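Architecture at a glance
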Amino acid sequence: DQQVKQNSPSLSVQEGRISILNCDYTNSMFDYFLWYKKYPAEGPTFLISISSIKDKNEDGRFTVFLNKSAKHLSLHIVPSQPGDSAVYFCAASGHGGSQGNLIFGKGTKLSVKP
Amino acid sequence: DTAVSQTPKYLVTQMGNDKSIKCEQNLGHDTMYWYKQDSKKFLKIMFSYNNKELIINETVPNRFSPKSPDKAHLNLHINSLELGDSAVYFCASSHTGSYYGYTFGSGTRLTVV
């Protein structure tokens, strides 16, 4: 049973344009959401997060939006750069941090073309 | 200076063997984890462990066992390896109650032949 879903396995975007990666979840007890970025042969690295009490969090070129009523979050990257090409994992936690282990989606592979 | 290090990076072994994957973190974190990324690319929690509690995902076969000699280490032992155990295994660590997620190692690709 997938509690965190990333329905797009891949996304291709032109350099300089916006990348939008989507994530849906089913568990209403999740209260913290994170995005991780993963390059080949490396472990996932933390990118940005959002608490369920907010609907937006911004960090430089990266913005995460949360729509709790729709159980949907998205990651916007503007402008996209070739170095952003990686697999992006959406993750959610039920109790915050390690009290509720992170549940991951399957990932979306982003390709940013020069 | 690697924050979370796993060894070996690659492991090829025959069915029925017993193997271990080591994990060490130098971040001063008090909770460590093992995740499995299977062929379908899901990252699934296997174990979480701090000095008080071991939490085991109920779907993990008892052939898998975590061993923690101290707070900085959480090794994964696998007995009687099966073909279906082939996957990439990631170790991670965090502060208990941290809202900033985990720090992952670079993964161990296990291939059972």
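Basis of the calculations
- Residues numbered from 1 in each chain as written.
- Chains lettered and ligands numbered in written order.
- Predicted model: local features only at pLDDT ≥ 70, side-chain atom pairs only at ≥ 80, totals over all residues.
- Heavy atoms only, no water.
- Core = buried A, V, L, I, M, F, W, Y, C linked by side-chain atoms within 4.5 Å.
- Buried < 20%, exposed > 50% of the residue type's maximum accessible area, 1.4 Å probe, protein only.
- Helix = DSSP H or I, 4+ residues; strand = E, 2+ residues; numbered from the N terminus.
- Contact = heavy atoms within 4.5 Å.
- Pairing = 2+ DSSP bridges.
- Salt bridge = Lys/Arg side-chain N within 4 Å of Asp/Glu carboxyl O.

**Here we look at the nonpolar core**
Formed by 23 residues in total, the largest nonpolar core has its most connected members in Phe33, Trp35, Leu73, Leu75 and Tyr88 of chain A. Secondary-structure elements contributing two or more residues to this core are strand 3 (19-25), strand 4 (32-38), strand 5 (45-51), strand 7 (62-67), strand 8 (72-77), strand 9 (86-93) and strand 11 (108-113) of chain A. With four residues, strand 9 of chain A is the largest single contributor of residues to this core. In this view, leucine 75 of chain A contacts Ser19, Ile20, Leu21, Trp35, Leu47, Ile48, Phe62, Thr63 and Tyr88 of chain A; residues no more than four positions away in its chain are not counted. Counting residues in hydrophobic clusters, the runner-up holds 19 residues, among them Leu74, Ile78, Leu81 and Val112 of chain B.

**Some thoughts on the sheet that holds strand 7 of chain A**
Taken together, five strands build an open sheet; the order of strands is 1-3-8-7-6 (chain A) and the sheet is antiparallel. A single partner strand is all that each edge strand has here, and the edge strands are strand 1 (4-5) and strand 6 (56-59) of chain A.

**Here we look at the pattern of salt bridges**
A side chain with one charge may pair with a side chain of the opposite charge, provided their charged atoms come close. Residues and elements named next belong to chain B. Scanning the model with the defined rule gives three salt bridges over all chains in all. Ionic pairing is found between arginine 63 and glutamate 82, a salt bridge with its closest N-O pair at 3.5 Å. Of this pair, arginine 63 sits in the loop between strand 6 (54-56) and strand 7 (64-70) while glutamate 82 sits in the loop between strand 8 (73-78) and strand 9 (87-94), and the two are 19 residues apart along the sequence. Exposure remark for glutamate 82: the relative accessible area of 42% places this residue in the partly exposed category. Two residues, aspartate 85 and arginine 63, come together in a salt bridge whose shortest N-O distance is 2.9 Å. On the criterion of sequence distance, the pair formed by aspartate 85 in the loop between strand 8 and strand 9 and arginine 63 in the loop between strand 6 and strand 7 is long-range, its members being 22 residues apart. Neither aspartate 85 nor arginine 63 differs from the other in exposure class; each is buried. Salt bridges sharing common partners tie together Arg63, Glu82 and Asp85.

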